[in-house]
Structure formats: structure tokens, C-alpha cells
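Chains, contacts and geometry: an overview
Each chain, letter by letter, is given below.
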Amino acid sequence: MSLLDVRELHGGYGQVKVLHGLDFSVGQGEVVVILGANGAGKTTTIRALSGMIASSGDILFEGKSIQGQRPEQLCKLGIAHVPQGRGTITDLTVEDNLRLGAYVRKDKDIDADIGIWYDIFPRLGERRAQLAGQMSGGEQQMLAIARAAMARPKLLLLDEPSLGLAPLVTQEVFKQLADINRDRGTTLLVVEQNANLALSVADRAYVLETGAIITKGTAAEVGADEAVRRAYLGID
Amino acid sequence: MDELLQQLVNGFSNGAVYASLALSLVLVYRASGLLNFAQGEMAMVATYGAWELTERDIPVAVAIAIAMAGSFVFGALIERLLIRPVGDAETHALPLTIVTIGGFITLNAFAQWRWGTAVRSFPPLFGNGKITVAGAIITHQVIGTVASLLVVVGLLFLLFQKTKLGLAIRSVSSNVESSRLVGVPVGVVLMVSWGIAAAIGALAGGLVAGNQDLSPFMMQFILVSVFASATLGGFDSPLGAVVGGLLVGVFEVLIGRYVGIVGTDLALGATFVLILGVLVVRPQGLFGTAKVRRV
Amino acid sequence: MGGGALALLENRWVRLGAWLVAALLIAVIPQSFEDPDLQIFNYALASAVAAIGLNLLTGFNGQISVGHGAFFGIGAYTTGILVADHGWPHLATFVPAALLCFVIGMAVGLPALRIHGAYLALVTLAMATVFPQLILRYESVTGGGSGLAVPKWNPPDSVDLSREQFHFYLFALVTVAAYLLVRNLIHSRMGRAIIAVRDDETAATVLGIDAAKVKVMTFGLSAALAGIGGCLFAVAFRSLSPTLFGILLSIELLVAVVVGGSATLAGPIIGALFLEWSPEVIDAGDGQVSQILFGVLLIALMRVAPGGLLGGAKRLLVRAMPPPALEPPDDDEPAASAAPPPDTVEGP
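Residues numbered from 1 in each chain as written. Chains lettered and ligands numbered in written order. Predicted model: local features only at pLDDT ≥ 70, side-chain atom pairs only at ≥ 80, totals over all residues. Heavy atoms only, no water.

**Structural notes on the overall build of chain B**
Scanning chain B from N- to C-terminus turns up eleven helices and two strands. Moving toward the C terminus, one meets the helices and strands of chain B in the order α-α-α-α-β-β-α-α-α-α-α-α-α. Computed over its C-alpha atoms, the radius of gyration of chain B comes to 19 Å, within 12% of the 19 Å expected for a compact globule of 295 residues. Dimensions along the principal axes, computed over C-alpha positions, put chain B at roughly 60 × 50 × 35 Å. Counting across all 295 residues of chain B, residues that qualify as buried make up 59%. Here chain B displays about 11600 Å² of accessible surface, and carbon together with sulfur accounts for 68% of that area. (Helix = DSSP H or I, 4+ residues; strand = E, 2+ residues; numbered from the N terminus. Rg over C-alpha atoms; globule rule 2.2 N^0.38 Å. Buried < 20%, exposed > 50% of the residue type's maximum accessible area, 1.4 Å probe, protein only. Areas by Shrake-Rupley, 256 points an atom, 1.4 Å probe, with all protein chains shown as cover.)

**Some remarks on the packing of aromatic side chains**
For the structure shown, the criterion picks out 27 aromatic pairs over all chains. For the cation-ring pair, R30 of chain B lies above F160 of chain B, with the distance from its terminal atom to the ring centre recorded as 5.6 Å. Sitting above the plane of the Y103 of chain A ring, K164 of chain B keeps its charged end 4.9 Å from the centroid. (Phe/Tyr/Trp six-rings, centres within 6.5 Å; stacked < 30°, edge-to-face > 60°. Lys NZ or Arg CZ within 6 Å of the ring centre and 35° of its normal.)

**Remarks on the packing of helix α9 (residues 218–233) of chain B against helix α6 (residues 117–137) of chain C**
Packing of α9 of chain B against α6 of chain C leaves a shortest axis separation of 10 Å and a crossing angle of 145°. Between α9 of chain B and α6 of chain C lies a crossing whose hand is left-handed. Across the interface between the two elements, V224, F227, A228 and T231 of chain B from α9 of chain B touch Y119, L122, L125 and T129 of chain C from α6 of chain C. (Axes fitted to C-alpha atoms, helices over the stretch in contact; angles between N-to-C directions. Left-handed = near helix turned anticlockwise from the far one by under 90°. Contact = heavy atoms within 4.5 Å.)

**Some words on the interface of chain A and chain B**
The interface is formed by 22 residues belonging to chain A together with 17 residues belonging to chain B. Summing both sides of the interface, chain A and chain B together bury roughly 1800 Å²; the carbon and sulfur share of this comes to 62%. Summed over the three residues of chain A that lose the most area to chain B, namely E72, L100 and Y103 of chain A, the buried surface amounts to 34% of that side. Applying the counting rule to chain A against chain B returns two salt bridges. (Buried area = accessible area lost by both parts, 1.4 Å probe. Salt bridge = Lys/Arg side-chain N within 4 Å of Asp/Glu carboxyl O.)

**With respect to the sheet that holds strand β5 (residues 64–65) of chain A**
Two strands in a sheet stick together by hydrogen bonds in their backbones, pointing the same way (parallel) or opposite ways (antiparallel). Spatial strand order, β2-β1-β4-β5 (chain A): four strands in an open sheet with antiparallel pairing. Of all strands in the sheet, those bounded by a partner on one side alone are β2 (16–26) and β5 of chain A. (Pairing = 2+ DSSP bridges.)

**Comments concerning the interface of chain C and chain B**
Frequently, the measure chosen for interface size is the accessible area that the parts lose on association. Each side of the interface is counted separately: chain C has 41 residues, and chain B has 49 residues. Our enumeration of links across chain C and chain B arrives at zero salt bridges. Along the contact surface separating chain C from chain B lie seven residue pairs in polar contact (both at pLDDT 80 or more). Sorting the residues of the side of chain C that touches chain B by element identifies α6, α10 (201–206), α12 (247–260) and α14 (287–304) of chain C as the ones contributing at least two each. Residue composition of the side of chain C that touches chain B, grouped by class: 27 nonpolar, nine polar and five charged. (Polar contact = N/O pair within 3.5 Å; in protein donor to acceptor, adjacent residues only side chain to side chain. Nonpolar A, V, L, I, M, F, W, Y, C, P; charged D, E, K, R; others polar.)

**Some remarks on the confidence of the model for chain B**
Of all residues in chain B, 98% attain a pLDDT of 70 or more, and the chain-wide mean is 92. Listed scores for the predicted complex are pTM 0.89 and ipTM 0.91. (pLDDT = per-residue confidence, 0-100.)

**Quick look at the nonpolar core**
In summary, soluble globular proteins display a tendency toward joint burial of nonpolar side chains. By size, the foremost hydrophobic cluster in this structure holds 200 residues, and its most contacted members are I98 of chain B together with F71, L240 and F245 of chain C. Counting 44 residues, the second-largest nonpolar core is a separate cluster that includes A80, I110, L156 and A195 of chain A. (Core = buried A, V, L, I, M, F, W, Y, C linked by side-chain atoms within 4.5 Å.)

**Details of a nonpolar patch on the surface**
Residues and elements named next belong to chain B. A surface patch of nonpolar side chains, amounting to about 390 Å² of accessible area, comprises F72, V73, L77, L81 and L82. By the secondary structure assignment, V73 is in helix α3 (residues 60–83). Judged by relative accessible area, which is 46%, V73 ranks as partly exposed. (Patch = residues over 30% accessible without salt bridge, like charges linked within 9 Å, V, L, I, M, F, W, Y side chains within 5 Å.)

**A few points about unusual backbone geometry**
All names here are of chain A. Here R86, not a glycine, exhibits a phi torsion of approximately 80°, which is positive. With respect to the secondary-structure elements, R86 resides in the loop between β6 (79–82) and α3 (94–101). Accessibility expressed as a relative area gives 15% for R86, which makes it buried. With phi around 35°, T210 is a residue other than glycine that occupies positive phi space. In this structure, T210 sits in the loop between β9 (204–209) and β10 (212–218).

**As for the pattern of salt bridges**
All names here are of chain A. Inspection of every chain in the model, using the stated rule, returns 23 salt bridges over all chains. Here R99 makes a salt bridge to E95, at a shortest N to O gap of 3.2 Å. Remark: E95 and R99 occur in helix α3; sequence separation between them is four residues, near one turn of the helix. The class for E95 is partly exposed, based on a relative accessible area of 23%.

**Here we look at the sheet that holds strand β3 (residues 31–36) of chain A**
Residue and element names in this part refer to chain A. What the six strands build is an open sheet, ordered β6-β7-β8-β3-β9-β10; its pairing is mixed. At either end of the open sheet lies a strand with only one pairing partner, and these are β6 and β10. Sheet twist, expressed as the average angle between the axes of neighbouring strands with direction ignored, equals 15°. As paired strands, β3 and strand β8 (residues 187–192) are joined by five bridges and run parallel to one another. Within the sheet, the bridge partner assigned to V33 lies in β8 and is V190. The strands touched by helix α6 (residues 137–149) within the sheet are β6 and β7 (155–159), with β6 carrying the most contacts at an inclination of about 170°. Lying over the sheet, helix α7 (residues 167–184) contacts β3, β7 and β8, oriented at roughly 155° with respect to β8.

**So, the state of the cysteines**
Residues and elements named next belong to chain C. Tallied over the entire structure, the rule returns zero disulfides over all chains. Here C101 is not disulfide-linked; the sulfur of C231 is the nearest cysteine sulfur, at 7.2 Å. When its relative accessible area of 0% is taken as the criterion, C101 is described as buried. (Disulfide = S-S within 2.5 Å.)

**What to know about the environment of T210 of chain A**
Residues and elements named next belong to chain A. Exposure remark for T210: the relative accessible area of 60% places this residue in the exposed category. Sequence-wise, T210 and G39 are 171 residues apart; in three dimensions their C-alpha atoms are separated by 6.9 Å. Non-local contacts of T210, meaning those with residues more than four positions away in its chain, are made with V18, H20 and A40.

**Comments concerning the pairing of β9 of chain A**
Residues and elements named next belong to chain A. Pairing geometry for β3 and β9, over five bridges, is parallel. Each residue of the ladder has a partner; that of G36, found in β9, is L208. Pairing of β9 with β10 involves six bridges; the strand directions are antiparallel. When the bridges of β10 are listed, L208 appears paired with I213.

Listed below in C-alpha cells is the structure:
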């Protein structure tokens, strides 16, 4: 049984349908990436999964349907979402952002966890008392990942973590994501345009085009696909 | 010198009341992004509720406390039933403003209908005693008003900075979507914010009625000064509301008394000119945060 | 998105029909109502002209004003003082009133370049608060608290109309003129700039629009229209006193704009009629109960029709005529947000 099983997912905004019946799954401990160009429906997919927009079709998490649940309920079930544009809570300090990430937790280890994330991202530790909105884009992305991870999710959804970041910073972000998956066993579902980097950390991949999945396979298979290479890897 | 001191005391007393109601406005503004024109009338109706209790021989402190609790529920329900269904302030600022104006009209007319327009006396929460300091007379009510404000501010500070609920309230006022994504029940936070605002308003109403008299119009007389206080301090800053309230209170009294051509009738106008000057330099008020305009 | 219904609204025959209905109403109302009721229509038209002005600023340009009652008052007192104390003919006073409001409006618009949203609302609210105090202060000119009587404007002898009937036709003419002025403005280059500045000031500036100029001019024009509304009010009411022009009036004008339908052309007129007539229609036999009902009505109306009466009527029409199936746009973002609000251009 997969951690996340999605069948016939339809969704969109009002009368505008963006997704036309997606089928995909994410296994426990996997890193799965959904590649797609602008407008393919990547963000819509992620937002449907985290309950930010209405959708139809089956969404099974740990074998139970989570269709129609609100984001705060999904968060309690163990699904965390790093939104596009990082979703920094700009008027709170870095530390408050992290503390807020643990909002659904009731245990006493929250302070200790914050310390762990300061170790992983030392720059967050240095800026703990600073307003989060004053940090650079790369730092805010790290904060967004750490904030989502503070909930100790089983599944972490990431919406274009590379967006608006310098190449070196993007590499660093993906390296950290791979570490989180390896060290903490967190399952990752990443939607991305940056196919090269995303495939380098992924176990499996799907390719999304105008709201439908056109290719799927292991990261190596998808990376070797002629059409994918032309469209997303910039290789003729 | 005694005279000046006395004026300062009066100004502080008015200012503390402005500050309390400005705090209410600010809490609602931070939660829902709108100016609640009905805030003063909500406080006025709550004060009539407290007055009904005092007429039944319930001590005034208890009566005000009950009115505050009732207002908390009332405020939360208004958010849930009248405000939220209309839409968010980003896209529905005008209709939401009209809803609060509708609330203003309804509550004011209700109070006139239920309790009449005649002025009633309301027992002062802190009694009729007074002390004399350096020739200035300071009533216990004035001391109590300022002290109440300080207590409210202290409690709000603890709530915002030291509790999980406070963290959630601050988070929602900064970024609703991200708050939702980390599991904050945004709807509950909005209701609590409106509830706290209404409860503080009820306290302010009790203080105003005790200082002066109880009437359906008592809050309208000070509403503009309260708006001015919140603007001066910055609509998204609780600290700003307090500083703004005290500054406006003191400034109104001093300019009315000591600047001959202005006089009491135009003191508020002169205060506006001052605020306008501040806003031209700092459009977000003294303590407000400037909203970054995205390209 | 109701393409069919919107096309219908754009249809020239439908517009022609709306104009005909309006013309018919203007012709019939003075014959069908007694003078006291006609007077309510006249107050409504005076408010309508002011609301058309406020809508230009708040609806189309996005600057909220809770102080237009002051411009209304300036217009009314200009007419009152010039007619009563200086013997001017009524109509001639409209020009200085409009000019004065235009200049003061631009002056108020200047700080609005830096001050936005709720902060701007306070600046305008301040204006509404101070205006009655100034009337009281300068009693020798304004008559102060005891009021200012405005001489009657009787119909010319050659016209066989009662004074109220004469006023009605005159006010309707001014209202139509104000409507056409704003309509033509909105459909012009300047109008597109006014709306562009509302929707995204930064983007408008990038497109080469002088946002500061647009905002100050809009403020001035809006104030001038509010002032002319005040002139009409002075003619109709004939007894001016400072309490008439307090904060409540400014709030009422804002209510008229939003209830009618902000950023629509005919909305303010509908809103002003609604505002003046609802106290007559909602008559619970007790003034305060009627007021309670009026407040509840406002709240309920915003719940079912946040776009105002005109916006709500259009939505009903759109719902009644289902749109053709739409192709999805090639972007993740909802397409609806990119489209301009459909009700920025339409007939009466």
C-alpha cells in the first residue's frame, strides 16, 4: 500500500477545470517528483492534495480517503505543504515561524526540534530573532521547509522549491531535501520545473502536461525519455 | 502649573478610553483587515447590559465583567455570522464596511428603542473618591481608567507573546494561507480576535459611562477621536493604538485649552492636522508596518 | 461567466430600452406624486449627483472617502450664501461651488498620494468632522447654528409647473448630465487610467500613467460633483444648518454608492433613491424600529449582493442564462481574477 494514492483527480478554480483525472501514488519513504511546465497544473495538484481548493476523485492517505478535508485537518493527519513562493509569515520572527510550524503538535519536544533545525540550517539560527520577511529568498525557502517539517509530517508536499532562487541556492535546497528524506524518513512529493535537479533526488517521476499525466517511471527512465529530455532538460 | 497638570490628567483620562477602544479597532483590523464602524456601538449596548445588571443590585464590577463575557460571545458571533460570509477584505472592502455601518445603525437604533434617548447615570467602577496631587484633582475613576488600560495591555502582551493562541493570532494577521497550512484553525482565531476586541470595548464603555453618563450616543462623541488614535498609532499595531490614544487625548485637551484661535470646538480638527502631518511622513502611522506593494 | 447575459447587457437595444425607461420615469414621476413625495425624489437626486461623484473616486479609482458630505456641504453653503446674501441667481452659483470643491478636492487628494486605505478613510472622516465646526465658527458668514435660509427658486412664469415639479425636472437633468460626464470619462483614455490606477498602481505607472495626476484630478472632479449635489440640496431643502452635513451624511453617501453598486455607472443613482426612499417604505410605525430594520436590511443586502443592487441584479441575470462551456486557460491561476470586472462598462 502506498502512503498516498490518487485516482482520477479532477480540480480547478470555479468553472475552470485544470486537472483532468490524474492517477499517481507516492510510496512510504519515497521521493516522487511531478515535472511540468508553467500552467501544466502542478500548483493546482498540490493545492488539491492539501485541501486548499475543491477537487473530485479519490485521494487516499494511508489507505483512508482524505478527500474534502480542510488543510488544518490534513496537517493533523501528517501532511505538510511548502507553498509556492514560500509562504513566509513575514511579520513573525524566524523562531516564531518555526514554533508555528509545530502548531498541531502537543508534545514537549518542540524547543528541541527548533534547535535541530537551527543545526541543519545554521543561518536560521543566526537570524532567529529577526523578522522572517527581512531574509533572502533562499533563507526563506529553508525556513519554509523547516517550518513544514516542524509538524513532523509523514508526507511533505513541496510546490516549486526552486522558484526564484539562484542556481547554487537551489542545489543547496535540494541537497537538504534529500538529507531530510534519508535521515528522517520523510516522504516527499515535489512538483518542479527544474527537471535536472528534481530528478537527481527523486526515486520516481511523473510528467504533467495540460492537466494530464503523460509519462511516468523511475527517475532514470523519465530522465532518459526523449520527449522529456527535449522539453525539460534542454537537450536536443 | 497646577492648571497644566490638571489638563494633563484630564487628557490622560480621555486618552486611556480612546486607547482601549482603539485597541478594539486594531484587533479587528489585524484579524479581518477592516475598520469596524460598529465597534463603539457594540460597546455602548454592552454597557447598557451592564447597567441593567446594576439596576438589579449586582455590583458594578461584576456587571461589567459579565458584559465583557457576553460581548466576547457577541463579537465572535458577529464575525462568524455577519462578516465572514460576505468575503475577505481584500476583495470585499466596501460591502464589509457597509455591513459594519449597518451594524452601527442597527445597534444604535436598538439602544434608543430599548432604553430611550434620555441620559442615565452609571455607577463609576472605581467609586467617587479623589486625591489631590500638586494641586491637581485626580479622581479614583481616572486612576482606575488608566490602570485598567495598563492591565489590558499587559494581558494582551502576555497573550500575544507567550501563548500558542497569541502566536496563531499574530500569524493569521500576517499570512492567512500559511497559517492554514500549518494547521491553525483560522476561523476560530478570527472569532476569538473579534471576541477579545468586543470585550475590551465593553470595558471601555463601562469606563466612559462611569466617567460621564450612559446614553445611546456616548460612543459616537468619541468615535472620531478613537479612529484618529488608531490611525496615528497605526492600524495594525496594538502598541500604536495605546500610544496614539494617549497622545490624541492629551493633545486635544492641551490645544483646546491653550491655543486660543483653535479653542475646544476645533481641538479635534487641530489634532487631525497633526495626524495628517504624521501620516504624510509615515503613511502607516507611528507604529504600523508598511505594507510592501508587490509589482 | 455568463457570456450570453453580458453580451445582452452590452446590446445597444437593451441600453436603448434602459434609457427609454429612465426617460419615462422622469416624465411620469412629477405627474404621479404629490409635492411632499416629489421632494423626497428631489433629495434623492441631489444625493445621486454627489454619489456619482463619490463613486468615481471610491468605485472606479479605489480611494475610499468617508468625507464627501463636507463637499456636499460646501456646495450647499456656496449656493445658500451667494443667493441669500449676494442676490445671485441660483443656477449661477453652481459654477463657483463646483470650482471651489474641485480645488479643495485636489488639495485633499494631495496627501492621498501617500496615504492609503483605512488611513485615507480617517483623513476624509476628519474633513467630515471639522466641516460643521467651521460652519459654527464662522457664524457671520454662514448663519452658524441658527441656520441659513435659502430663497426659493420658483419656476419661470411661462412654465406651468409646481416648484417641486420644476425642481424635479431640473435635478433630473443635472443627474443625467453627471451620469453622462462620468460615463464618457470612464470610457475615455483618462477613464482607463483611473481604473488602471485602482487595479494596480505600480503596473499603471509602468505603463506610463501619471498615477499622481490621475488620483488628484479624480479627487477634484469627484469633489466637484459632490458639491453640485450640495447646490441641488440647498435649492430643495432651503434651510441649511451645520448638523445636516456631519459624518452621518458622508457615511450615507458611501452607503448609496455601495448599495447601488460601486464601480457601476447607474448604481449610485439607484443607491441614492434606495437611501432616501427606504425610510418611507420601511415604516414600522416607530422611528427606531424602522431604523433597526433599515440597518438589518443593509447587512442582509451586502450578504446576498455584495456588488450592490445593480451588481446583484446582473448576477441574477447571468445565472439565469448559463454560459457556453469554457476552455481551460493555459495557466494555473484562476482566469476569473485576470478578467476585468464586467460591470465597469455598461448602460444605465
